[in-house]
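One-letter residues, chain by chain:
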Amino acid sequence: MEHDMRIDLITFEVLRNAFVAAAYEASTTIERIAYHPVIGMGRDRSNAILTPKGELVAHGHTDAAAHYGSFEESVKELLKDIPVSQMQPGDAYLFSDPYRTGSHVNDTRLIRPIFYKGEILAFSCTVIHWPDIGGPYPGTFNPHADSCYAEGIRIPPIKLYENNRLNEPIWKFISLNIRGAIERRGDLTAQFEAGKLMEKRMIELADKYGPEMVHIAMEEQFNYTERMLRKEIEAMPDGEYYFEDFGDQDVLKEGKPPIKVTCTLTVKGDQLTFDWTGSDVQPKASWGCSRATLLGANFLGFMIAFPELFPLNHGVTRSINVISKPGTCVHVNEPAGTTGYCSGAFDKIEAVTIACLSQAIASVKPWRVYPAAVSLTNLCLGGINPRTGRPFVQYTYAVGGENARVFKDGKSLIFMRFCNARTIPQELEERWFPVIYTRYEARKDSCGHGKRRGGFALVRELQVLTDVTMTIHGDREKFPPFGLNGGTNGGGCALKINVGTPQEKDLGMYATGEPLKAGDNIYYTSSGGGGYGNPLDRDPELVKEDIMDEWLTMEAAKKYYGVVVNVIDEDACEYEIDWEATNKLREELRKKPFPRGTGEHEINPLGENIRVEKEPTEEEVQPHITIARPPGW
């Protein structure tokens, strides 16, 4: 877009931050209004401002990072179906089709054209995860879906609001095909109000600065971000960098083989190209993702390595080349299933992107070299709540161990890579749903071991108080988050019922429509983050602290770290290192390398070769990770 006006730096900064502030304010609006705990307390929601062409300008500080890359595709695909000439002030369009918008059908988008004096000034796009959008099982997730037709309703771009009024017949059609329609109407209202708020803020900016200046600020933000990005790329050594990761299994294919995701990153001058064409063919079961989702995961992995470019905007998306092949697991063809989303291909794409970039930036930004982190798993329970007599859908995602860093251990019991995600308090879930938690704590020894260990997984045990149907759509049980430079892979995910009883059953990460009876107990644990560096190089004092804090057992300390700790007074938490025994044990363990492989607590063969020449201290890194680091990052 050509402009005759110019923008000064102060106005540029004011408008650049105002765009983000509008999206952030809309996100907090959803948080206050939305009905389901996973949206309000869990923050499974996002908001964005886009240009009239559908170019991403800004999103909120605490939005779901997995949604970032879907904004542009959603608005651009909307414009293919509904031209601007047919849009009017007060219109809002509902859209949820993973092949076009990315992610999965649960992530519904409400897109609103923002008019100023008869012309479209911008678009707002709100995204929330509806806890149910139909399909055979409560929560819509269906690991055994052999097509999209077993995964809930796909919604093409439809005008759901006209002149700011809900189209009741269309809503009635949708509500008849989903569970918890009354709740979803409350969630939809939150989306609508968020869109109106962003419209109000953008009109205020246009009133104050003029619509042309607003558009100039958008374009200059893209140019500014691209200049920063090109500078980052130019600092990387030219070359090709390869990595691969695996999904546990294609549950519908004979033999249930693993699913491989591969990428070759090419750095040449100021150009980055990610080539995903070597990935496995699309699975029969619901694990793969669409091209739009691939872009979102690729962009997120890039932003994690370069958070100083935050927020993601069109300056980044137009500057990165992403190559994929239709019919592969990272670019599935319709009608392949896609509800796996973040637990399936998305998680592996993100991790592989970071691993490829880690190789390229190891010599220039060693503090941005990351192993893999906790994988999202989706646990859904549905039935009749005996307290209300009404149907319910409980959706709970996993949090757990984050990746180690070259200068510091990984964080535990959280989900940093998704930036916004908060653990829903068990007390809130007990209030809303017929469950009671009996255990909620870290899982000992679940980290990826290393000189810098990964974070620890969260284990939850809960009892259902009524008959329910349970589904879990997860992964990372057989191929847990990988480690780097001799650090071990993390501990894997698990789901079991009635542990310690004759009815104990290991259901794994793909249990679908499993009937549970009132009184049954669920054991649900996430994965631990990958480690960095040889565990035998870890400071024994840190190992002792982990034992004292009950993160590590004595056995794990000896097996992986070669550290022998004696208990002097357990009640007083008094422990001491047996230095003679430790030195002897470490010498013996160095002669017997840890097993190589992609399994739990093994050394990933490809990850082993990713290392930095000089490991910076936390003090040296601090200036680099505190600059332009917004809330949530």
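No experiment lies behind these values; they were computed from the predicted model shown.

## Points about the environment of Asp537
Here is step 1: Examined against the element boundaries, Asp537 turns out to sit in the loop between strand E20 (521-525) and helix H12 (540-548).
Here is step 2: By relative accessible area, which is 41% here, Asp537 ends up partly exposed.
Here is step 3: Separated by 25 residues in sequence, Asp537 and Gly562 place their C-alpha atoms 9.5 Å apart.
Here is step 4: Aside from chain neighbours lying at most four places away, what touches Asp537 is Lys451 and Arg590.
Here is step 5: Within the structure, Asp537 has its side chain in polar contact with the side chain of Arg590 (distance 3.0 Å).

## Some thoughts on the domain arrangement of the protein chain
Here is step 1: Per the domain assignment, the segments of the protein chain are domain 1 (9-227) and domain 2 (370-538 + 597-615).
Here is step 2: On a C-alpha basis, the centroid separation for the pair domain 1 and domain 2 is 30 Å.
Here is step 3: Each partner contributes residues to the interface: domain 1 has 29 residues there, and domain 2 has 27 residues.
Here is step 4: Summing the contributions of domain 1 and of domain 2, the shared interface buries around 2300 Å²; its carbon and sulfur component is 69%.
Here is step 5: The largest contributions to the domain 1 side of the interface with domain 2 come from Met41, Phe141 and Pro143, which together make up 26% of the buried area.
Here is step 6: Our enumeration of links across domain 1 and domain 2 arrives at zero salt bridges.
Here is step 7: In this structure, the connection of domain 1 to domain 2 is made through four residue pairs in polar contact (both at pLDDT 80 or more).

## So, the packing of aromatic side chains
Here is step 1: One pass over the structure, following the stated rule, counts 14 aromatic pairs.
Here is step 2: Note on Phe243 and Phe482: the rings are 4.7 Å apart at their centroids and 50° apart in plane angle, and the pair reads as tilted. One end of the pair, Phe243, is in strand E8 (residues 239-247); the other, Phe482, is in the loop between strand E16 (468-473) and strand E17 (494-497), with 239 residues separating them in the sequence. As far as the burial class goes, Phe243 and Phe482 line up, both buried.
Here is step 3: Here the aromatic cluster, defined as three or more aromatic residues joined through ring pairs, consists of Phe141, Tyr395 and Tyr397.

## A short note on the nonpolar core
Here is step 1: Counting residues in each nonpolar core, the largest one holds 163 residues, and the members touching the most others are Phe19, Met202, Trp276, Phe302 and Ile522.
Here is step 2: No other element matches helix H10 (residues 345-361), which puts eleven residues into this core.
Here is step 3: Formed jointly, this core draws a minimum of three residues from each of two domains, domain 1 (9-227) and domain 2 (370-538 + 597-615).

## Remarks on the side chain of Ser27
Here is step 1: Of note, Ser27 is situated in helix H1 (residues 9-33).
Here is step 2: A distance of 3.0 Å separates polar atoms of two side chains, one belonging to Ser27 and the other to Asn47.
Here is step 3: Apart from residues lying up to four places away in sequence, Ser27 is in contact with Arg45, Ser46, Asn47 and Asp63.

## Overview of the pairing of strand E6 (residues 155-162)
Here is step 1: Both strand E3 (residues 92-96) and E6 contribute to a ladder of four bridges, which runs antiparallel. Its bridge partner lying in E6, Ser96 is registered against Ile155.
Here is step 2: As defined by bridge partners, E6 adjoins strand E7 (residues 165-166) across two bridges and the pair is classed as antiparallel. Each bridged residue has a counterpart across the sheet, and for Tyr161 the counterpart in E7 is Leu166.
Here is step 3: Linking two consecutive strands that pair antiparallel, namely E6 and E7, is a turn of two residues; a positive phi of about 55° is found at Asn163 within it.

## Re the confidence of the model for the protein chain
Here is step 1: Scored by pLDDT, the protein chain comes out at a mean of 95, with 97% of its residues at no less than 70.
Here is step 2: In this model, residues 628-633 is a region of pLDDT below 50 whose contacts with residues beyond four sequence positions or in other chains number 17 contacts.

## Observations concerning the sheet that holds strand E14 (residues 435-442)
Here is step 1: Taken in spatial order, the five strands make up an open sheet running E14-E15-E20-E17-E18, and their pairing is antiparallel. Edge positions in the sheet fall to E14 and strand E18 (505-506), since each has one partner strand and no second.

## What about the sheet that holds E8?
Here is step 1: Pairing is mixed in the open sheet, where four strands are placed in the order E8-E9-E10-E11. Lying at the two open borders of the sheet, with one neighbouring strand each, are E8 and strand E11 (320-323). The average undirected angle you get between the axes of adjacent strands in this sheet is 15°.
Here is step 2: Across five bridges, the pairing between strand E9 (residues 259-268) and strand E10 (residues 271-275) is antiparallel. Within E10, the position partnered with Leu265 by the bridge is Phe274.
Here is step 3: The strands touched by helix H8 (residues 291-305) within the sheet are E10 and E11, with E11 carrying the most contacts at an inclination of about 135°.

## Details of the environment of Glu232
Here is step 1: Tracing the chain through its elements places Glu232 in helix H7 (residues 211-234).
Here is step 2: Taking the C-alpha atoms as reference points, Glu232 and Lys365, 133 residues apart in sequence, are found 9.8 Å from one another.
Here is step 3: Once you skip the residues sitting within four places of it in the chain, Glu232 turns out to touch Phe306, Glu308 and Lys365.

## Some remarks on the side chain of Arg16
Here is step 1: Locating Arg16 in the fold gives a position in helix H1.
Here is step 2: Within polar-contact distance, the side chain of Arg16 engages the side chain of Glu13 at 3.0 Å.
Here is step 3: Other than its neighbours up to four places away in sequence, Arg16 contacts Gln221 and Tyr224.

## Thoughts on the pairing of strand E5 (residues 119-129)
Here is step 1: Burial of E5 is extensive: ten of the eleven residues sit out of reach of the surface.
Here is step 2: With six bridges joining them, strand E1 (residues 45-50) and E5 adopt antiparallel strand pairing. Residue Ala48 lies in a different strand from E5, and its bridge partner there is Cys125.
Here is step 3: Summarising the sheet, strand E4 (residues 107-116) and E5 pair through ten bridges and their orientation is antiparallel. Among the inter-strand pairings, Ile114 is bridged to a residue of E5, identified as Ala122.
Here is step 4: Where E4 folds back on E5, the antiparallel hairpin that results is connected by two residues, among which Lys117 adopts a positive phi of roughly 50°.

## Concerning the packing of helix H5 (residues 168-175) against helix H6 (residues 181-209)
Here is step 1: In contact at an axis separation of 10 Å, H5 and H6 are set at 130° when each is read in the N-to-C sense. Classed by the angle they form, the pair H5 and H6 counts as oblique. By crossing handedness, the relation of H5 to H6 is classed as right-handed. Touching Glu168, Trp171 and Ser175 of H5 are Ala181, Arg184, Arg185 and Leu188, all from H6.
Here is step 2: Of the residues in the contact of H5 with H6, the class split is three nonpolar, one polar and three charged.

## Here's the deal with the state of the cysteines
Here is step 1: Counted according to the given criterion, the structure contains zero disulfides.
Here is step 2: Here Cys125 is not cross-linked by a disulfide; its sulfur's nearest cysteine counterpart is in Cys342, at 16 Å.
Here is step 3: The closest cysteine sulfur to the non-disulfide-bonded Cys263 is located on Cys356, 4.3 Å from its own sulfur.

Conventions and cut-offs
Residues numbered from 1 in each chain as written. Predicted model: local features only at pLDDT ≥ 70, side-chain atom pairs only at ≥ 80, totals over all residues. Heavy atoms only, no water. Helix = DSSP H or I, 4+ residues; strand = E, 2+ residues; numbered from the N terminus. Buried < 20%, exposed > 50% of the residue type's maximum accessible area, 1.4 Å probe, protein only. Contact = heavy atoms within 4.5 Å. Polar contact = N/O pair within 3.5 Å; in protein donor to acceptor, adjacent residues only side chain to side chain. Domains from an automatic or database assignment. Buried area = accessible area lost by both parts, 1.4 Å probe. Salt bridge = Lys/Arg side-chain N within 4 Å of Asp/Glu carboxyl O. Phe/Tyr/Trp six-rings, centres within 6.5 Å; stacked < 30°, edge-to-face > 60°. Core = buried A, V, L, I, M, F, W, Y, C linked by side-chain atoms within 4.5 Å. Pairing = 2+ DSSP bridges. pLDDT = per-residue confidence, 0-100. Axes fitted to C-alpha atoms, helices over the stretch in contact; angles between N-to-C directions. Parallel < 35°, antiparallel > 145°, perpendicular 65-115°, else oblique. Left-handed = near helix turned anticlockwise from the far one by under 90°. Nonpolar A, V, L, I, M, F, W, Y, C, P; charged D, E, K, R; others polar. Disulfide = S-S within 2.5 Å.

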